[in-house]
Amino acid sequence: MSAVNPIAFNRGVVRPVECLQTGWNMIKGQYWLFLGITAVGLMIGSVGPMAILLGPMMCGIYLCLLARFRGETVSFELLFKGFDYFMQSLIAALIQVVPVMLLMVPLYVVYFVMFMSKMEKLRRYPRGRPPDASEFYSIFILMGGMMLLVIIIATLIGAFFIFTYPLIVDRRLTAIDALRTSVRAVIANLGGVLGLMALSALLGIAGMMLCYVGALLVMPVSFAAWAVAYRQVFPAQT
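All of the points below concern the structure found in this document.

What counts as what
- Residues numbered from 1 in each chain as written.
- Predicted model: local features only at pLDDT ≥ 70, side-chain atom pairs only at ≥ 80, totals over all residues.
- Heavy atoms only, no water.
- Helix = DSSP H or I, 4+ residues; strand = E, 2+ residues; numbered from the N terminus.
- Buried < 20%, exposed > 50% of the residue type's maximum accessible area, 1.4 Å probe, protein only.
- Contact = heavy atoms within 4.5 Å.
- Areas by Shrake-Rupley, 256 points an atom, 1.4 Å probe, with all protein chains shown as cover.
- Expected span 1.5 Å × (residues − 1).
- Arc of directions from axis to C-beta.
- Phe/Tyr/Trp six-rings, centres within 6.5 Å; stacked < 30°, edge-to-face > 60°.
- Axes fitted to C-alpha atoms, helices over the stretch in contact; angles between N-to-C directions.
- Parallel < 35°, antiparallel > 145°, perpendicular 65-115°, else oblique.
- Nonpolar A, V, L, I, M, F, W, Y, C, P; charged D, E, K, R; others polar.
- Core = buried A, V, L, I, M, F, W, Y, C linked by side-chain atoms within 4.5 Å.
- Salt bridge = Lys/Arg side-chain N within 4 Å of Asp/Glu carboxyl O.

## Here we look at the overall build of the protein chain
Across its full length, the protein chain holds 9 helices and 0 strands. Mapped in sequence order, the helices and strands of the protein chain form the string α-α-α-α-α-α-α-α-α. Looking at the protein chain as a whole, 42% of its 238 residues qualify as buried. Of the contacts formed within the protein chain by residues at least 6 apart in sequence, a portion of 75% connects residues at least 24 apart. Summed over its atoms, the accessible surface of the protein chain is roughly 12700 Å², and 71% of this surface lies on carbon and sulfur atoms.

## Describing helix H2 (residues 31-45)
Here H2 contains 15 residues, and its C-alpha end-to-end distance of 21 Å stays within 8% of the 21 Å for a straight helix at 1.5 Å per residue. Among the residues making up H2, those that are buried are Tyr-31, Phe-34, Leu-35, Ile-37, Thr-38, Gly-41 and Gly-45. Burial along H2 is one-sided: seen end-on, the buried residues are contained in an arc of 165°. Of the exposed residues in H2, those oriented more than 90 degrees away from the buried face are Trp-32 and Met-43. Elements that come into contact with the buried residues of H2 comprise helix H1 (16-27), helix H3 (54-69) and helix H9 (213-233).

## Re the packing of aromatic side chains
In this structure the tally under the stated criterion is 9 aromatic pairs. Ring centres of Tyr-62 and Phe-223 lie 6.1 Å apart, and the angle between their planes is 70°; on these two criteria the pair is classed as edge-to-face. Taken together, the residues Tyr-62 in helix H3 and Phe-223 in helix H9 connect sequence positions 161 residues apart. Here Tyr-62 and Phe-223 have matching classes, each one buried.

## Some words on H1
Helix length check: H1, at 12 residues, gives a terminal C-alpha distance of 17 Å against a target of 16 Å (1.5 Å per residue), a fit within 8%. Burial in H1 covers these residues: Pro-16, Cys-19, Leu-20, Gly-23, Met-26 and Ile-27. Angularly, the buried residues of H1 cover 130° about the axis, an arc narrow enough to put them on a single face. Tucked into the core, H1 has its buried residues touching H2, H3, helix H8 (190-208) and H9.

## Considering the packing of H2 against H9
Running from N to C, H2 and H9 point in directions that differ by 95°, and their axes come no closer than 9 Å. With respect to their mutual orientation, H2 and H9 come out roughly perpendicular. Here Tyr-31, Trp-32, Phe-34, Leu-35, Thr-38, Ala-39 and Leu-42 of H2 lie close against H9, whose contacting residues are Leu-216, Leu-217, Met-219, Pro-220 and Phe-223. A per-class count over the contact of H2 with H9 returns 11 nonpolar, 1 polar and no charged.

## Here's the deal with the nonpolar core
In globular proteins that are soluble, nonpolar side chains generally tend to be buried together. Ranked by size, the top nonpolar core spans 52 residues in total, and within it Ile-27, Tyr-62, Leu-65, Phe-163, Tyr-165, Val-233 and Phe-234 carry the most contacts. Where this core is concerned, the elements lending two or more residues are H1, H2, H3, helix H4 (86-123), helix H6 (164-170), helix H7 (175-188), H8 and H9. Among all residues touching Val-233, those that are not within four sequence positions of it are Phe-9, Asn-10, Val-13, Val-14, Phe-163, Ala-185 and Asn-189. Counting 8 residues, the second-largest nonpolar core is a separate cluster that includes Met-143, Met-146, Ile-157 and Leu-179.

## Structural notes on the pattern of salt bridges
With the rule as written, the count across this model stands at 5 salt bridges. A salt bridge links Asp-170 to Arg-171; the shortest N-O distance between them is 3.4 Å. With a relative accessible area of 17%, Asp-170 lands in the buried category. Judged by its relative accessible area of 13%, Arg-171 falls in the buried class. Across the pair Arg-180 and Asp-177 runs a salt bridge, and its minimum N-O distance is 3.9 Å. Taken as a pair, Arg-180 and Asp-177 lie in helix H7 at a separation of 3 residues, close to a single helical turn.

Here you go:
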């Protein structure tokens, strides 16, 4: 499918609370299976350099969720069917990850230069005089601000590309067409997408408060909610 003939999608249809409720109802009968699929998929996806395995694993996770949405029996092996879309999913992952990495390089260079200059200043302190901890306050503040900036940019990129992987596996789009279509669909459903992101973030925070274990436990529900949102925007083909 080419961007010349763009895929039609629904506008203003993402309902965040309904996505979470429907997502939970969809996977609760096989919750532990989907927990394993999500955990293994994200773990493998984080291993390879330059997100080389992230794309196929994300495709595999959505293959499982969309199959469950259709009422099909899901097996763990379906996760690895994501490698059938290796090239397109890799391109999509790189387009999302590389800009963030390119942004981080100069930020870390600035941080390193400032840190080394402070260390040089501390070396000139008179012997026996303890260094002033406030010397490093500006570095910590700068580093915190830089990381916040990176998180915001990565979140925005992730938000606009949220439907990319399900489009690759469901509509067989190329990475570029899937990215373009996802951006257009998110803009047309921006309020609902942002609302679902906020609810997912709150779920994650609540999970982290449970000794971080809960953050892992809610991930299948969040993924399922996004699969439901995808179906609200892109109805199943008949």
